[in-house]
Amino acid sequence: MNTAEGVVAPAGTESGPVRVAVPRTWWQRHGTTATVWSLRLTLVVAVLALWEVAADRWVDITFISKPSDIVERLAEWAGDGTLWLHSWITVQEIVYGFLLGAAAGALAGFVLASLSLVYRVLDPFVMALYSIPKVALAPLFIVWFGIGMHMKVLLAAATVFFLVFLNTAAGVRDVDRGLVDAVRLMGGNRWHVARKVVVPASMTGVLTGLKVAIPYALIGAVIGELVASNRGLGYLINDAAAQFDTAGVFATLVVLSIIAAALNLVVGLIDKRVNRWKPIDD
Amino acid sequence: MTALLQTKELTKQFAKDDVATVALRDFTLSIEEGSFVTVLGRSGCGKSTMLNLLAGLTEPSAGEVRYRDRRLTGPDTEIGYLTQSDTLMPWRGVLRNVEMPLEIRGVPAAERREVAAALVERVGLGGFGDHYPRELSGGMRRRASLARTLAGNPSTLLMDEPFGALDAQLRRELQEELLALVQDGGQTVVFVTHDIEEAILLGDRVVVLGGLGRILLDHPIELPRPRSADELRVDPVFVALHTELARTLKEAAR
Ligand SMILES: Nc1ncnc2c1ncn2[C@@H]1O[C@H](COP(=O)(O)OP(=O)(O)O)[C@@H](O)[C@H]1O
Ligand SMILES: [Mg+2]
């Protein structure tokens, strides 16, 4: 092996970049973020205030309820445990459905996309299944799995599966041939190629799949509950609507959005960790 | 000297539907151990196709490649190949890219780190070990690719227009670096280029290819080393060879 003797001209002499520290003030560091967040807050407050004022003054309160009623309802449900019971059920369905669908989708995506003949054979069938609105599967799933939690988990998983599968497969099939050859030149076998090129290269596709699938996991679970159940946030919405309790419906929607936001946050964190090598903007 | 790398009546064609594009036809060449052979040819004459075959990356349609008198059936870690385009893993920093050949060979982490760090330093990328390829300039990426190729410690180096896309000044620097590295390492080199001056400056022998990889000229370069580009330009041997190569390339076009 060559030693570091006879070190050649450092890259800096090719008028390449020089690294310098950039002192930044608090405002330069966080200014944009702070502005964006304060504007968001202002927007929320404005909308809530307008809503509160409009309710019962310009629009019938039975239709739109009002923020203070919603908060009151949330507090009430939080107090008697209704909120935690139903939220917990729905969260479990979303998480299990998401994990199941994502794991199956990513695995199937990696395996099928690597076997190009199999992929070509199955492609039209997969697309056909993907195009079925998953809501339409709910009655069938009730017949197969009953109205318990399994049905909702599988309904959520069915949607997540296809999104993750298609994105993963696209990522795998897009892998740069040159990178695969590079590993072959290093003496790598199929396993090395899979682990050191295909998996990292398709990570962007997998994560895109995971990200777009999150709202669908939630939709799947809630639709399942709306169709048939006696527990969960979907049931709560149905129940409240049946009693013309708009505050209850909105309160449930608030909880659902909070759950969705939390899930998005998790994927955002994974995304950041995995895609550090992406080009730096600015 | 013995022939290290040989091709015998090598033909490569790319079939598409009912027609096939012939890229290389009946190509026979023999490369001696320890020599620096430059291969000169216009673009599209089959240079990359030839190197891919020499590296064992693609299968010939007919004929064979022999390495150390064995038939080459796939990539061999003794043969390092610096391809025309960059193939650094974009999700790995420079150091982790350079240590990849050792990683695949199963060298322990601490040891391969050390080797990679020395090589990165050696190609002049010290301090950029953590940078991702996209954060580097084209010249720096070439250096990193070269370091990665050397990390596998190959005894034969195949290089496909490695400095083709760089500015003249930078190309000169990297050519000198390459010569210094090869001088120390004693590798056999097959260096593909479309630049006549580069071919003469670097090689012990120059091979000019015409269409379909037809060998138009195979000439030893008997210029003393070290060669300096500026002095060479006025050297009569250089001028004569340059003229001959230029004429051969021009004739190939017809
Ligand atoms: N994968 C391929 N499929 C079809 N044709 C190819 C392929 N690779 C190369 N060729 C053809 O072979 C010829 C030689 O290409 P190449 O070896 O890349 O030339 P060079 O490297 O000398 O510029 C070109 O005409 C090109 O179109
Ligand atoms: Mg080429």
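These numbers were taken from a predicted model, which means no experiment stands behind them.

Points about a nonpolar patch on the surface
All names here are of chain A. A cluster of nonpolar side chains, Leu107, Val111, Leu115, Leu117, Val118, Val121, Leu122 and Phe125, forms an exposed patch at the surface whose accessible area comes to about 730 Å². Elements represented by at least two residues in the nonpolar patch include exactly α4 (82-114) and α5 (116-131). A per-element tally of the nonpolar patch places α5 first, with five residues. Secondary-structure assignment places leucine 117 in helix α5.

Brief notes about the packing of α4 of chain A against α5 of chain A
Angle between the axes and distance between the axes are the two parameters that describe a pair of packed helices. Residue and element names in this part refer to chain A. Where α4 contacts α5, the two axes come as close as 5 Å, and the packing angle between them is 110 degrees. One element, α4, and the other, α5, form an angle in the roughly perpendicular class. Between α4 and α5, the residues in contact are Leu112, Ala113 and Ser114 and Ser116, Val118, Tyr119 and Leu122, respectively. Of the residues belonging to the contact of α4 with α5, the class tally is five nonpolar, two polar and no charged.

Observations concerning the packing of helix α5 (residues 138-151) of chain B against helix α6 (residues 168-185) of chain B
All names here are of chain B. For the pair α5 and α6, interaxial distance at closest approach is 11 Å and the crossing angle is 15 degrees. With respect to α6, the axis of α5 lies roughly parallel. In the packing of α5 onto α6, the handedness of the crossing is right-handed. Listed contacts from α6 to Gly139, Arg143, Leu146 and Leu150 of α5 are Leu170, Glu173, Leu174, Glu177, Leu178 and Leu181. Taken together, the residues of the contact of α5 with α6 break down into six nonpolar, one polar and three charged.

What to know about the pattern of salt bridges
Residues and elements named next belong to chain B. Here the structure, examined in full by the defined rule, presents 26 salt bridges over all chains. A salt bridge links glutamate 64 to arginine 66, with the nearest nitrogen and oxygen atoms 3.1 Å apart. The class of glutamate 64 is buried, set by a relative accessible area of 17%. A relative accessible area of 19% means that arginine 66 is categorised as buried. A salt bridge links arginine 68 to glutamate 78, with the shortest nitrogen-to-oxygen separation between them at 3.1 Å. With arginine 68 in the loop between β4 (62-67) and β5 (70-71) and glutamate 78 in the loop between β5 and β6 (79-82), the pair connects residues that are ten residues apart, well separated along the chain. When its relative accessible area of 34% is taken as the criterion, arginine 68 is described as partly exposed. For glutamate 78, a relative accessible area of 29% translates into the label partly exposed. Taken together, the shared-partner salt bridges in this structure form one network comprising Glu64, Arg66, Asp69 and Arg71.

So, the domain arrangement of chain B
Residues and elements named next belong to chain B. Domain annotation for chain B reports domain 1 (3-78 + 156-252) and domain 2 (86-153). Using C-alpha coordinates to define each centre, domain 1 is positioned 25 Å away from domain 2. Between domain 1 and domain 2, the contact holds 16 residues from the first and eleven residues from the second. Both faces considered, domain 1 and domain 2 share a buried interface measuring about 1000 Å² in area, 62% of it formed by carbon and sulfur atoms. Counting the contacts that link domain 1 with domain 2 gives three salt bridges. For the side of domain 1 that touches domain 2, the secondary-structure elements that each account for two or more residues are β7 (156-160) and α6. If one sorts the elements of the side of domain 1 that touches domain 2 by residue count, α6 sits on top with eight residues. Its residues assigned to classes, the side of domain 1 that touches domain 2 comprises nine nonpolar, two polar and five charged.

A few points about the site of ligand 1
All names here are of chain B. The immediate surroundings of ligand 1 are formed by Phe14, Ala23, Arg42, Ser43, Gly44, Cys45, Gly46, Lys47, Ser48 and Thr49. Take serine 48: an N or O atom from its side chain is 2.6 Å from an oxygen atom of ligand 1. Taking 560 Å² as the accessible area of ligand 1 by itself, protein coverage stands at 59%. Per element, the largest residue contribution to the shell around ligand 1 is three residues, and it comes from helix α1 (residues 47-54).

Concerning helix α10 (residues 233-242) of chain A
All names here are of chain A. All of the buried residues in α10 are Leu233, Gly234, Leu236, Ile237 and Ala240. When α10 is viewed along its axis, its buried side chains cluster within an angular range of 160 degrees and face the same direction. Note on α10: the residue one or two positions beyond its end, phenylalanine 244, has a positive phi of about 55 degrees.

About the criteria used
Residues numbered from 1 in each chain as written. Chains lettered and ligands numbered in written order. Predicted model: local features only at pLDDT ≥ 70, side-chain atom pairs only at ≥ 80, totals over all residues. Heavy atoms only, no water. Patch = residues over 30% accessible without salt bridge, like charges linked within 9 Å, V, L, I, M, F, W, Y side chains within 5 Å. Areas by Shrake-Rupley, 256 points an atom, 1.4 Å probe, with all protein chains shown as cover. Salt bridge = Lys/Arg side-chain N within 4 Å of Asp/Glu carboxyl O. Helix = DSSP H or I, 4+ residues; strand = E, 2+ residues; numbered from the N terminus. Axes fitted to C-alpha atoms, helices over the stretch in contact; angles between N-to-C directions. Parallel < 35°, antiparallel > 145°, perpendicular 65-115°, else oblique. Contact = heavy atoms within 4.5 Å. Nonpolar A, V, L, I, M, F, W, Y, C, P; charged D, E, K, R; others polar. Left-handed = near helix turned anticlockwise from the far one by under 90°. Buried < 20%, exposed > 50% of the residue type's maximum accessible area, 1.4 Å probe, protein only. Domains from an automatic or database assignment. Buried area = accessible area lost by both parts, 1.4 Å probe. Near = heavy atom within 4 Å. Polar contact = N/O pair within 3.5 Å; in protein donor to acceptor, adjacent residues only side chain to side chain. Arc of directions from axis to C-beta.

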